[in-house]
Amino acid sequence: MAKEKDLALGILDTIGGIQNVKMVTHCMTRVRLTLRDLEAADIEQLKKVPGVMGVIVESTLQVIVGPGLVGKVAQVIANISGVEMGEEIPLNTASSSIDSEQTSNKMKASQLASENKKKYKERNNTPIKNFLKSISHIFIPLAPAFVAAGLLAGITAVIANLITSGHLSGDGWQQFSLILNVIKNGIFSYMAIFVGINSAREFGASPSLGGIIGGATLLTGASAELPIINLFTGDPLIAGQGGIIGVVLAVWILSLIEKRLHKVIPNSIDLIVTSFISVLVTGLLTIFVIMPFAGFVASYLLTAVNWILDVGGALSGFLLGGIWLVMVMLGMHHIMTPIHIELINQTGVTILLPILAMAGAGQVGAALALWVRCYKNKPLINIIKGALPVGVMGIGEPLIYGVTLPLGKPFVTACLGAGFGGAVIGYFGNVGAIAIGASGIEMLLLIADGKWWIYLLGLITAYFFGFLCTYFFGVPKEARQPKEA
């Protein structure tokens, strides 16, 4: 407990104290802090706090501390605030369990400059940033479910292959595989409902109504004997047509309708009338307009992805693998989550994910080269030691923000290594993952059709070229200087 407590207090000490924190949450690797005044935070000092691997400044202040530790650190900060994690922290709050003198900055949030806050909001209030932020908020809470269900899917696939090949036999293994599938399907079969609920929270609609709209896309009750007809094509509408893209769009429309109705419906009947009309109107629009439209978009998305990889081959793989780290750095990687899910819904696999996963492998190779060349730089080596194991498992943010990006050159050479790994997979083609949620070595369990060896070859290639490019071209002179931990 001492480590996470010291880290939490170190973070608070550089951002204006607990009084400057409005809300604390976390994802897989980042403590997410909504600050009352960003200008009160000393970002450069925050980066130097022992245990902080990187800092991202967006609408929230995101402090990268790595998986496992992140939830504990966020909980300590929540305990200091005296409110539950994810709840808004009132002004002048102080925890009775931890002396507020432990946070040296005594600046009161009520005295912070409102003009700086206004400028920051205006600077970040762009349509693209708001869109990416919304996608992030919808899918980040589902990340633990993606990881767990993805690994279950991989284990199930391995067992099924062993049963088919005759290496495993008996009803017991089949039953065990069936049970794992049932657990895994808890997320993948009802993804639309989860996304509907999260989308409603993000867009300001009632979460339960968002879940209903998401569930409506599953067309429960429709059948081959009594189908729902696509008014544009005359063909039966397919359950889940339009996928997650359609759900997000539908719930956004739901939010507009519900907010408008809340303003005009009398309070005495608001609960009944607003909910009924919102669900009815949005449900009809979803089934007869949004699902056909989103299905049309999704089909062309699949065509576009296949065309890029079929025509480009190794070159497309190199470009996709090489630019993915830049997209992660810019926070644009969350936009791919619904695309991966849609590809899996349509074809059973996502052929983009194995290529994009090479980005993390390039980071690993670059980090190994830095370890060899910069062995006298003890602080850097300590960060690499902590970030490298999770990097091998596919969580690359500690390496990105704690190692390669701050040094500059290694980030570029890591991208090159990732590009070579992506080129290998693109050359062979049609290497798909049956689920999302895992990356790195873990993704070997998710590769379909026995093509895991191609993915492994891509990983090794990305490791090798990430190491080679960094060793010869990506080590800054200052990083090689002796430093004590």
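Note that this is a predicted model, so its numbers are computed, not measured.

### As for the packing of aromatic side chains
Then comes step 1: With the rule as written, the count across this model stands at 9 aromatic pairs.
Then comes step 2: Relative to F465, the ring of F420 lies with its centre 4.2 Å away and its plane at 20°, an arrangement referred to as stacked. In this pair, F420 sits in helix α18 (residues 409–428) while F465 sits in helix α19 (residues 452–473), placing the two residues 45 residues apart along the sequence.
Then comes step 3: A residue is classified by how much of its surface remains accessible, and F420, at 31% relative accessible area, is partly exposed.

### Remarks on helix α1 (residues 2–14)
Residues spaced three or four apart along an α-helix point in a common direction, a consequence of the helix completing one turn every 3.6 residues.
Then comes step 1: Compared with an ideal rise of 1.5 Å per residue, which puts 13 residues at 18 Å, α1 spans 19 Å between its outermost C-alpha atoms and is within 8% of the ideal.
Then comes step 2: By the burial criterion, the buried members of α1 are E4, L7, A8, L9, G10, I11, L12 and T14.
Then comes step 3: The inward-facing, buried residues of α1 contact β1 (21–26), β2 (30–35), α2 (43–47), β4 (61–64) and α3 (69–81).

### Brief notes about the pattern of salt bridges
Then comes step 1: Scanning all chains against the criterion turns up 1 salt bridge.
Then comes step 2: Across the salt bridge formed by E44 and K47, the nearest N and O atoms sit 3.7 Å from each other. Linking E44 with K47, this pair stays in helix α2, spanning 3 residues, or about one helical turn.
Then comes step 3: Relative accessible area serves as the criterion here: at 42%, K47 is assigned to the partly exposed category.

### Observations regarding the environment of E202
Then comes step 1: Mapped onto the elements, E202 comes out in helix α8 (residues 191–203).
Then comes step 2: Its relative accessible area of 23% is what places E202 among the partly exposed residues.
Then comes step 3: Sequence spacing of E202 and V182 is 20 residues, and the spatial spacing of their C-alpha atoms is 29 Å.
Then comes step 4: Apart from residues lying up to four places away in sequence, E202 is in contact with S134, H137 and I138.

### Section: the pairing of β2
Two faces belong to every sheet, and in a regular strand the side chains alternate between them.
Then comes step 1: Of all 6 residues in β2, 5 are buried, a share of seventy percent or more.
Then comes step 2: In this structure, β1 lies alongside β2, joined through 5 bridges in antiparallel fashion. In the strand pairing of β2, V24 is matched with L33.
Then comes step 3: In this antiparallel pair of consecutive strands, β1 and β2, the connection spans 3 residues.

The rules we used
- Residues numbered from 1 in each chain as written.
- Predicted model: local features only at pLDDT ≥ 70, side-chain atom pairs only at ≥ 80, totals over all residues.
- Heavy atoms only, no water.
- Phe/Tyr/Trp six-rings, centres within 6.5 Å; stacked < 30°, edge-to-face > 60°.
- Helix = DSSP H or I, 4+ residues; strand = E, 2+ residues; numbered from the N terminus.
- Buried < 20%, exposed > 50% of the residue type's maximum accessible area, 1.4 Å probe, protein only.
- Expected span 1.5 Å × (residues − 1).
- Contact = heavy atoms within 4.5 Å.
- Salt bridge = Lys/Arg side-chain N within 4 Å of Asp/Glu carboxyl O.
- Pairing = 2+ DSSP bridges.

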